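Residue strings, one per chain:
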Amino acid sequence: GFCLTPQTNYFQAFLAPVLQTHLHECEKTEDGYMCLGANTGQNMFFDVNNFEPLIHNDGYRHAVEMYTRFIMASNCQVQTAAGVKCDRKTAFPTGRCAGVISMPGTMTNLLRENGKYTIPPEKRMDYVLEPGEYWGRRKVFPGSRKVINWNKEGRPLEDCQGSICPLAKDG
């Protein structure tokens, strides 16, 4: 499964793209959207004007469900059952991680040859690689194709497009 450590900041990596906000009002242009307007003061957890919670919606539930699926398919199931702290740093070197979610500094130590948390050569499948090809790959955590529409009553979860997702890239 996926190797990760169930920490608040990792949950927020799932939550932020769904509850995506933009700090400035956006205007439609020929090339898409330009978000240089007034500061919106938008917050994804509570309304800054009246402290109304903003977490009781389909988007927050969607992020919780995605995160739960990753946790259920992660190293946590084996490590926690064995009475061991669920941790990507200890799970990754076993060579049984289909992927890993980690912060940049730790990720470097997971992927770098002879890194502090890397998979030892005897557990890697280097023989399937072309000469000079490196076994580790990195990708930026993706956004979400579904986001909260903050401008509609009930804040529904909608496809990421146009004015509700003005800074979206690649669909």
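For the structure itself, consult the block above.
Below is a summary of the structure that appears in this document. (Residues numbered from 1 in each chain as written. Predicted model: local features only at pLDDT ≥ 70, side-chain atom pairs only at ≥ 80, totals over all residues. Heavy atoms only, no water.)

This next bit is on the overall build of the protein chain. On a plain count of helices and strands, the protein chain comes out with five helices and six strands. Helices and strands appear in the protein chain in the N-to-C order β-α-β-β-α-α-α-β-α-β-β. Burial status across the protein chain gives 34% buried among its 171 residues. Entry remark: accessible area of the protein chain is about 11200 Å², with carbon and sulfur atoms responsible for 55%. (Helix = DSSP H or I, 4+ residues; strand = E, 2+ residues; numbered from the N terminus. Buried < 20%, exposed > 50% of the residue type's maximum accessible area, 1.4 Å probe, protein only. Areas by Shrake-Rupley, 256 points an atom, 1.4 Å probe, with all protein chains shown as cover.)

Turning to the side chain of Asp87, a few remarks are in order. Its place among the elements puts Asp87 in the loop between α3 (76–81) and α4 (88–91). A distance of 2.6 Å separates a polar side-chain atom of Asp87 from the backbone nitrogen of Lys89. Beyond its immediate chain neighbours, meaning those up to four positions away, Asp87 contacts Leu4, Thr5, Asn75 and Gln79. (Polar contact = N/O pair within 3.5 Å; in protein donor to acceptor, adjacent residues only side chain to side chain. Contact = heavy atoms within 4.5 Å.)

All of the buried residues along helix α5 (residues 104–111) are Thr106, Met107, Asn109, Leu110 and Leu111. In this structure, the buried side of α5 is in contact with α4 and β4 (99–100).

Our focus in this paragraph is the pattern of salt bridges. Note on pairing: side chains with opposite charge can pair once their charged atoms come close. Tallying each qualifying case throughout the model produces five salt bridges. Across the pair Glu52 and Arg155 runs a salt bridge, and its minimum N-O distance is 3.6 Å. Residue Glu52 is found in the loop between β3 (32–34) and α2 (58–72), and its partner Arg155 is found in the loop between β5 (146–148) and β6 (157–159); the two are separated by 103 residues along the sequence. (Salt bridge = Lys/Arg side-chain N within 4 Å of Asp/Glu carboxyl O.)

Within the element layout of this structure, Asn149 appears in the loop between β5 and β6. Those residues in contact with Asn149, other than ones at most four positions away along the chain, are Arg155, Pro156, Glu158 and Ile164.

The phi dihedral of Phe51 is positive, around 60°, even though this residue is not glycine. Tracing the sequence through the fold places Phe51 in the loop between β3 and α2. Non-glycine residue Arg155 carries a positive phi angle of around 45°.

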